[in-house]
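Residue strings, one per chain:
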Amino acid sequence: QVQLVESGGGLVQPGGSLRLSCVASGSIFSIDAMGWHRQAPGKQRELVAVISGGATNYADSVKGRFTVSGDNAKKTVYLQMNSLKSEDTAVYYCNLKIRGTYSALRSYWGQGTQVTVSS
């Protein structure tokens, strides 16, 4: 069984920064990809950033402002968010593609953490 626990969300003023973390625990054999999605009120969940095999991919709306990184040894993925804008307000979810010790590759989601950008 695999669990993901997120932390780091909160309220920040426009132009500010936040760092999100997501730690995986359980029967993990390997992590193939790590990433973040977000869902704003009334909108569909969207991909924010993903890292796999050292390569990263970002939504156009966050390029140059957000940085995704991962530490496989710590089973942790981070999202550094700088120059935050009001339109970044959303619930952020981490998503990891994990091969379990006794199970096949599957996608796991964190519980979500609220990020609110407001003055």
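Residues numbered from 1 in each chain as written. Predicted model: local features only at pLDDT ≥ 70, side-chain atom pairs only at ≥ 80, totals over all residues. Heavy atoms only, no water.

## Notes on the pairing of strand β11 (residues 113-117)
Burial of β11 is one-sided: the residues T113, V115 and V117 facing one way are buried, the residues Q114 and T116 facing the other way are not. As defined by bridge partners, strand β2 (residues 10-12) adjoins β11 across three bridges and the pair is classed as parallel. When the bridges of β11 are listed, V12 appears paired with V117. Alignment of strand β9 (residues 90-100) against β11, held across three bridges, turns out to be antiparallel. Bridge pairing links A90 to V115 in β11. (Buried < 20%, exposed > 50% of the residue type's maximum accessible area, 1.4 Å probe, protein only. Helix = DSSP H or I, 4+ residues; strand = E, 2+ residues; numbered from the N terminus. Pairing = 2+ DSSP bridges.)

## Topic: the sheet that holds strand β1 (residues 2-7)
The strands making up a sheet associate through hydrogen bonds between their backbones, and the pairing can be parallel or antiparallel. Taken in spatial order, the four strands line up as β1-β3-β8-β7 in an open sheet, and their pairing is antiparallel. Edge strands, defined here as strands with exactly one partner in the open sheet, are β1 and β7 (66-71). Going across the sheet, the axis of each strand differs from the next one's by a mean of 15 degrees, ignoring polarity. Inspection of the sheet shows strand β3 (residues 18-26) paired to strand β8 (residues 76-81) by six bridges, in the antiparallel sense. When the bridges of β8 are listed, L20 appears paired with L79. (Axes fitted to C-alpha atoms, helices over the stretch in contact; angles between N-to-C directions.)

## Let's talk about the pattern of salt bridges
One pass over the full model with this rule turns up five salt bridges. Measuring nitrogen to oxygen at the nearest pair gives 2.7 Å for the salt bridge that ties E46 to R38. By relative accessible area, R38 is classed as buried at 5%. Among the charged side chains, a network of salt bridges with common partners joins R38, E46, R65 and D88. (Salt bridge = Lys/Arg side-chain N within 4 Å of Asp/Glu carboxyl O.)

Spatial relationships are all this shows, so hold off on functional conclusions.
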